[in-house]
Amino acid sequence: MAQWQELLKLDSELQDQVSQLYDRRFPREIRHYLSVCIENQDWDSAAVDENKANTCFHVLVASLEEQWNRCVQENHILQGPDFLGFRSHLQKNFKDEPLKMAAVLSECLKEEKKILAAASEVQGCIRPAEEQKWTKELDNKVDELRKQTLEIKKEIKSLEVLNENLDYIQKTWQSEVEQHVGLAKSSAFVEDECRKQLSFITQTKQMVLQQIMNILNLAKQIVETLTGVELPEWKQKLQMSCIGSPADTGLDHLQKWFTTVAEVLHQIHQELQKLQDQCKKYDITDASSLPGPAELEKFRLSLYKELLVNALVVEKQPIMASLPHRPLVLKTKVRFTVTVRFLANLPEFKCRLKVKPVFDKDVQEVKTIKGYRRFDFTVDNSKVLDVDAPEGGLVAEFGHMSLKETTVRTKGSAENRLPVTEELHVIKFVTEFHYAGLECNIQASSLPLVVISSTNQVPSAWASVMWCNMLPAGELRNLSLFLNPPPLTWQQLSQALSWQFLSVGNRELNEDQISTLRDKIVDDPDDLVHWHKFSKNEGVWIWIDAILDLIKRHLVDFWREGSIMGFVSREKARLLLKDKPMGTFLLRFSDSIRDGAITFSYVDYSNGESYVHAVEPYTKTELLYTALPDIINNYTLIDEGNMTKNPLLYLYPDIPKDAAFGHHYSTKTSTTPKNKHPYVRRNLSHMSDNPTPLPSPPQEKLVMDADTHMEVDTFQTAIEYMEENQTLFQELFPDSFSFVGSPFYNTSYDETHVNSENVCPKETSNVF
């Protein structure tokens, strides 16, 4: 498996380490989308050889162009990555310095291996000892099976030699006696030796049959383990991975075990055939109570069939390119892909099996559920299982599948009808096997999937997919599940929700976030969550899904870095912030905006008393124009004295704002170069009226002294001077005079008031 794919399975903390390797050195996105290409180059040599480095550089550029052309052909320009932008970055930063790029990638790849090695050691310690022991025992059994089979081949070869020798003696001795009369006296001795030899052959044959019987018994144990334990466990992991679990769904072990057992059973078939041929050729009869070759062949054939009918699996579930994190949700007339694999990877099976997909094969719900829709594939998608290059498995990838509805729902009562997003379907893959005396039909089924006709149905359809995949495996065969959906425990549902955030933002929910969601979702004394409570009408899922979309579009980096607290109530935010230093703030998702929005709450002080304020949430539309770090960096309060300040200083609990978000700012705070055009430079600012009461003035009447008069006079003089020298001051202090009355201040800002819930209405203004 590719090194990068292994890294993607690590937990968020280790993935953060990988991200830091590439920070400001090489785009992580290029590392992701060109992972195979990058790992196939010799960066160690390229780092010290400019010619090799230049070659590697052009290989990456060519790969990016190839990916771009593929997006154009598949009409995925808008949905796909910015491959042209990646190419421009490489050309701008490394075209003249290919050695620099080679050195960076050489070092990063080595560090990646260290991170993987460390993770492997930790997982080795954490992995249950019983599971390790079980896998090792199965490996040992399979190895023993192969070893015993090799011994049997030697024994049968020896047995064949013994039979040939005995047959030769018996036939040649008779002719010798006829030619030499004197040899007749030795006939008794020769016949006795032949009887002894025959007895030895018979004993050897019985021993061989017993050994074959032992091999088949051991094979039976392994087949039962593979089909009854290992394969169901893998399918369970596949279920979980489809809804976001980082579970390892690799098939390396299973394919090795299936292939070895199939190879052994095939060899036993050949050896039994040899034994039968010897019995016929040399007219050997056996009165032993042991099963003969014919009976053993029947036993072998039953094991062979049991193994092979379970060897076809759906390795990659149906998935559309537009929903890479949401398999099993298909839209009519939209292309999707699916991959099947035959685990018994013998050379004899190559190009022998033709797999045909069938939609809703033998599904009873078509007849029993009123209005159940019927679909078919737009084209014939039959594929022949062939060896894929990287891993050598027998694989068929269906890359251009799409569905069309063959029956349309009629108008009328919706009673006893399932909603479109709760109607479950399956795709079955069928093939016929004819080889070495075995004829059987083999099929594999996808997990239950949902077919939609509009992208607006995706959230509800995905809720159905999550729900049914968190249920026990037996429930998956019930495609009418949502006629009476069983509840999930909060433990089950919270795990599924946490995986959604891992898939979208590379970070799972923590215990505090899960606890907040539990308070919002669970109202059952048995800690159960019912389907209608979760997904129907104003169910909480639509809100959570909108937040996932918000993270995916605008907040991935900040969620992955842990900068967003996210799920925390307003009251909890107040309790967390009220005793913190002035300017401490936290980021939380809005509870009231169903389409997904984010806000920040911060603490301010006046007269020794703390005030916690929540800013009006920022929606996806607003974040489309201004990134969250820039909003935080440029956020401004205006108090009654027309003075401005940014109240956001420390990300909760005590991280300086610039340390948390500085590397994400799109604008720098350094001195701005002089404009080449005659306009005054402006910045987009986010402002609110200061909701914190101003400090109370002292009770005594203050007498303004001469110094105070001087400060006022100086200030007024400065204003007059600024009016006379507007351009000069703008160049020197572009952000220093943004108060009302300054010639640089935009007077179009509308005064707003603070509501009773301490929410600061925000205004966006161009500050000149």
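Residues numbered from 1 in each chain as written. Predicted model: local features only at pLDDT ≥ 70, side-chain atom pairs only at ≥ 80, totals over all residues. Heavy atoms only, no water.

1. Describing the nonpolar core
Part 1 of the reasoning: Among the nonpolar cores identified, the biggest contains 148 residues, and Phe342 and Phe534 are the most heavily contacted of them.
Part 2 of the reasoning: Here the element with the most residues in this core is helix 10 (residues 187-242); it accounts for 15 residues.
Part 3 of the reasoning: Sequence-distant contacts of Phe342, that is, excluding residues within four places in its chain, are made with Leu308, Ala311, Leu312, Phe349, Leu353, Leu385, Leu394 and Ile442.
Part 4 of the reasoning: Membership of the second largest hydrophobic core comes to 35 residues, among which are Leu14, Val18, Ile38 and Leu64. (Core = buried A, V, L, I, M, F, W, Y, C linked by side-chain atoms within 4.5 Å. Buried < 20%, exposed > 50% of the residue type's maximum accessible area, 1.4 Å probe, protein only. Helix = DSSP H or I, 4+ residues; strand = E, 2+ residues; numbered from the N terminus. Contact = heavy atoms within 4.5 Å.)

2. Description of the packing of aromatic side chains
Part 1 of the reasoning: A complete count under the given rule lists 26 aromatic pairs for this structure.
Part 2 of the reasoning: Aromatic side chains Tyr22 and Phe26 sit 6.5 Å apart centroid to centroid with 55 degrees between the ring planes, which places their arrangement in the tilted category.
Part 3 of the reasoning: Under the relative-accessibility criterion, Phe26 is labelled buried at 3%.
Part 4 of the reasoning: Feature note: the residues Trp467, Phe482, Trp531, Phe534 and Trp541 constitute an aromatic cluster, connected by ring pairs.
Part 5 of the reasoning: Over the ring of Tyr304 we find Arg300, and its NZ or CZ is 5.0 Å from the ring centre.
Part 6 of the reasoning: In this structure, Lys520 packs its charged tip against the face of Trp543, placed 4.7 Å from the ring centre. (Phe/Tyr/Trp six-rings, centres within 6.5 Å; stacked < 30°, edge-to-face > 60°. Lys NZ or Arg CZ within 6 Å of the ring centre and 35° of its normal.)

3. Looking at the state of the cysteines
Part 1 of the reasoning: All chains considered together, the criterion is met by zero disulfides.
Part 2 of the reasoning: Not part of a disulfide, Cys468 finds its nearest cysteine sulfur in Cys242, a span of 9.9 Å. (Disulfide = S-S within 2.5 Å.)

4. Section: the sheet that holds strand 10 (residues 424-425)
Part 1 of the reasoning: Read across the sheet, three strands follow the order 2-13-10 without closing on themselves; strand pairing throughout is mixed. Both outer strands of the open sheet, strand 2 (329-331) and strand 10, are each paired with one neighbouring strand and no more.
Part 2 of the reasoning: Where strand 10 lies against strand 13 (residues 449-452), two bridges are found, and the strand directions are antiparallel. The partner of His425 across the bridge, within strand 13, is Leu449.
Part 3 of the reasoning: Sitting on the sheet, helix 14 (residues 458-469) touches strand 2 and strand 13, and the angle it makes with strand 13 is about 165 degrees. (Pairing = 2+ DSSP bridges. Axes fitted to C-alpha atoms, helices over the stretch in contact; angles between N-to-C directions.)

5. A look at the pattern of salt bridges
Part 1 of the reasoning: What the rule picks out here adds up to 25 salt bridges.
Part 2 of the reasoning: The salt bridge partner of Glu111 is Lys114, with a shortest N-O separation of 3.5 Å. On the criterion of helical spacing, the pair formed by Glu111 and Lys114 is a turn pair, its members being three residues apart in helix 8 (residues 98-126).
Part 3 of the reasoning: Look at Lys114 and you get exposed, because its relative accessible area is 53%. (Salt bridge = Lys/Arg side-chain N within 4 Å of Asp/Glu carboxyl O.)

6. Here we look at helix 6 (residues 50-73)
Part 1 of the reasoning: Look at helix 6: 35 Å from first C-alpha to last across 24 residues, which is about the 34 Å you get at 1.5 Å a residue.
Part 2 of the reasoning: When we look at burial in helix 6, the residues that qualify are Ala53, Cys56, Phe57, Leu60, Val61, Ser63, Leu64, Trp68 and Cys71.
Part 3 of the reasoning: Two residues or fewer past helix 6, Asn75 is found with a positive phi of approximately 60 degrees. (Expected span 1.5 Å × (residues − 1).)

7. Observations regarding the pairing of strand 18 (residues 609-615)
Part 1 of the reasoning: Examined bridge by bridge, strand 17 (residues 597-606) and strand 18 share six bridges and lie antiparallel to one another. Pairing of Asp604 across the sheet is with Tyr611, part of strand 18.
Part 2 of the reasoning: Between the antiparallel neighbours strand 17 and strand 18 lie two residues, among them Asn607 with a positive phi of about 55 degrees.

8. Section: the sheet that holds strand 4 (residues 354-359)
Part 1 of the reasoning: The four strands lie next to each other as 6-4-11-12, forming an open sheet whose pairing is antiparallel. Each having just a single partner strand, strand 6 (383-384) and strand 12 (438-445) make up the two edges of the open sheet.
Part 2 of the reasoning: Helix 12 (residues 293-308) contacts strand 11 (427-435) and strand 12 of the sheet and is inclined by roughly 25 degrees relative to strand 12.

9. Focus: the side chain of Gln513
Part 1 of the reasoning: Its location among the elements puts Gln513 in helix 16 (residues 511-521).
Part 2 of the reasoning: Separated by 2.8 Å, the side chain of Gln513 and the backbone oxygen of Met565 make a polar contact.
Part 3 of the reasoning: Beyond its immediate stretch of four places on either side in the chain, Gln513 contacts Glu508, Trp559, Ile564, Met565 and Phe567. (Polar contact = N/O pair within 3.5 Å; in protein donor to acceptor, adjacent residues only side chain to side chain.)

10. Description of unusual backbone geometry
Part 1 of the reasoning: Residue Pro653 is bonded to the preceding Tyr652 through a cis peptide linkage, with omega at 5 degrees.
Part 2 of the reasoning: As for its placement among the helices and strands, Pro653 is situated in the loop between strand 22 (650-651) and strand 23 (655-656).
Part 3 of the reasoning: Its identity is not glycine, yet Asn506 carries a phi of approximately 60 degrees, on the positive side.
Part 4 of the reasoning: What makes Asn506 partly exposed here is its relative accessible area of 27%.

11. Quick notes on a nonpolar patch on the surface
Part 1 of the reasoning: A cluster of nonpolar side chains, namely Val72, Ile77 and Leu78, defines an oily patch on the protein surface of about 310 Å² accessible area.
Part 2 of the reasoning: Assessed through its relative accessible area of 39%, Ile77 is described here as partly exposed. (Patch = residues over 30% accessible without salt bridge, like charges linked within 9 Å, V, L, I, M, F, W, Y side chains within 5 Å. Areas by Shrake-Rupley, 256 points an atom, 1.4 Å probe, with all protein chains shown as cover.)

12. Considering the side chain of Ser498
Part 1 of the reasoning: The topology assignment puts Ser498 in helix 15 (residues 490-505).
Part 2 of the reasoning: In this structure the side chain of Ser498 is engaged in a polar contact, spanning 3.1 Å, whose partner is the backbone nitrogen of Leu509.
Part 3 of the reasoning: The contacts of Ser498, once residues within four sequence positions are left out, are Glu508 and Leu509.

13. Side note on the environment of Leu238
Part 1 of the reasoning: By the secondary structure assignment, Leu238 is in helix 10.
Part 2 of the reasoning: Residues Leu238 and Thr249, eleven residues apart in the sequence, show an inter-C-alpha distance of 5.9 Å.
Part 3 of the reasoning: The contacts of Leu238, once residues within four sequence positions are left out, are Thr249, Val314, Glu315, Gln317 and Leu447.

14. Describing the packing of helix 6 against helix 7 (residues 83-94)
In a pair of packed helices, the angle between the axes and the distance between the axes together describe the arrangement.
Part 1 of the reasoning: Orientation of helix 6 relative to helix 7, taken along the N-to-C sense of each, is 165 degrees, at an axis distance of 8 Å. In terms of orientation, helix 6 lies roughly antiparallel with respect to helix 7. Note on packing geometry: the crossing formed by helix 6 with helix 7 is left-handed. Counted together, Phe57, Leu60, Val61, Leu64, Glu65, Gln67, Trp68 and Cys71 of helix 6 and Phe83, Leu84, Phe86, Arg87, Leu90, Gln91 and Phe94 of helix 7 form the full contact between these two elements.
Part 2 of the reasoning: Partitioning the contact of helix 6 with helix 7 into residue classes produces eleven nonpolar, two polar and two charged. (Parallel < 35°, antiparallel > 145°, perpendicular 65-115°, else oblique. Left-handed = near helix turned anticlockwise from the far one by under 90°. Nonpolar A, V, L, I, M, F, W, Y, C, P; charged D, E, K, R; others polar.)

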